[in-house]
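# Tertiary structure, described
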Amino acid sequence: MQYDKTTIKNENIGFKKNIFISSSTFKYPTLKLKQLKELDVASIADTNCILFMWTTGPQLANSIELGEAWGFEYKTVAFVWNKMIHNPGRYTLSQTEFVLVFKKGKIPQPRGARNIKQMVIVPRGKHSEKPLEVIDNITKMFPNQEKIELFARNNFIGWDNWGLEIPNSKIEILTGIKDKNIL
């Protein structure tokens, strides 16, 4: 929920104003940090692999804690997504999300593109929908490695996809971003 709890009606008696609600629990089921830590990510992670994890500013510390609980070492921010539309924030207007990168073992080889830009500027779409450019960029960086998206909402060619909302049709990466070719 929004940080000031204005959307919790029993804590804000007489609340009638229809404002933006940021809780993803209204759209799909979610897991608490403790439950996420219990996921057996180690069983699907190679000895040498990279973990890319979406997060928001308020969840940054929890995200690093989660990556470490899964056996990865936090390295840096891989991508910053400028959603071009802001949400209310406690300190500043919130218009970005982050993709953190963690490493287990060594960076998987062979390595693909190394000239991928960190800033992704794409207008926000539906609730919690992430820009295809990030999946495309990860694919360019690690084109030959096995890849899986956890909590996936798309079905990308060249990726294993695990989640509740995966469509039957596959989305082509690399050329798919420009044409949105759906196979």
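In case you missed it, the structure is sitting above this.
For the structure given in this document, a descriptive report is provided here. (Residues numbered from 1 in each chain as written. Predicted model: local features only at pLDDT ≥ 70, side-chain atom pairs only at ≥ 80, totals over all residues. Heavy atoms only, no water.)

## Topic: the pairing of strand S2 (residues 73-87)
Sheet topology note: the S2/strand S3 (residues 94-104) ladder contains nine bridges and is antiparallel. Pairing of Tyr-74 across the sheet is with Phe-102, part of S3. Taken together, S2 and the strand that follows it, S3, pair antiparallel across an intervening segment of six residues. (Pairing = 2+ DSSP bridges. Helix = DSSP H or I, 4+ residues; strand = E, 2+ residues; numbered from the N terminus.)

## A word on the sheet that holds strand S4 (residues 119-121)
The sheet built from four strands is open, its strands ordered S1-S3-S2-S4 with mixed pairing. Single-partner strands in this sheet number two, and they are strand S1 (49-55) and S4. When strand polarity is set aside, the average angle formed by the axes of neighbouring strands in this sheet is 20°. Relative to S3, S1 runs antiparallel, the two being bridged by seven bridges. Note that in S3 the partner of Cys-49 across the bridge is Lys-104. Against the sheet, helix H3 (residues 132-141) engages S1, S2, S3 and S4, with an angle of about 150° to S2. (Axes fitted to C-alpha atoms, helices over the stretch in contact; angles between N-to-C directions. Contact = heavy atoms within 4.5 Å.)

## Remarks on a nonpolar patch on the surface
A cluster of nonpolar side chains, namely Leu-31, Ile-44, Ile-148, Phe-151 and Trp-162, defines an oily patch on the protein surface of about 470 Å² accessible area. Relative to the helices and strands, Phe-151 resides in the loop between strand S5 (148-150) and strand S6 (160-162). A relative accessible area of 41% places Phe-151 in the partly exposed class. (Patch = residues over 30% accessible without salt bridge, like charges linked within 9 Å, V, L, I, M, F, W, Y side chains within 5 Å. Areas by Shrake-Rupley, 256 points an atom, 1.4 Å probe, with all protein chains shown as cover. Salt bridge = Lys/Arg side-chain N within 4 Å of Asp/Glu carboxyl O. Buried < 20%, exposed > 50% of the residue type's maximum accessible area, 1.4 Å probe, protein only.)

## Notes on the packing of aromatic side chains
The final tally for this structure, using the stated rule, is five aromatic pairs. Ring centres of Phe-52 and Phe-79 lie 6.4 Å apart, and the angle between their planes is 35°; on these two criteria the pair is classed as tilted. With a gap of 27 residues between them, Phe-52 in strand S1 and Phe-79 in strand S2 connect regions that are remote in the sequence. Judged by its relative accessible area of 2%, Phe-79 is buried. Measuring from ring centre to ring centre gives 5.8 Å for Trp-54 and Trp-81, while their planes differ by 75°; the resulting arrangement is edge-to-face. Remark: Trp-81 occurs in strand S2 and Trp-54 occurs in strand S1; sequence separation between them is 27 residues. Judged by relative accessible area, which is 27%, Trp-54 ranks as partly exposed. A relative accessible area of 2% means that Trp-81 is categorised as buried. One aromatic cluster is present, built from ring pairs that chain together Phe-52, Phe-79 and Phe-142. Above the ring of Trp-81, the side-chain terminus of Lys-83 is found at 5.8 Å from the ring centroid. Of note, Lys-130 hangs over the ring of Trp-54, and the distance from its end group to the ring centre comes to 5.2 Å. (Phe/Tyr/Trp six-rings, centres within 6.5 Å; stacked < 30°, edge-to-face > 60°. Lys NZ or Arg CZ within 6 Å of the ring centre and 35° of its normal.)

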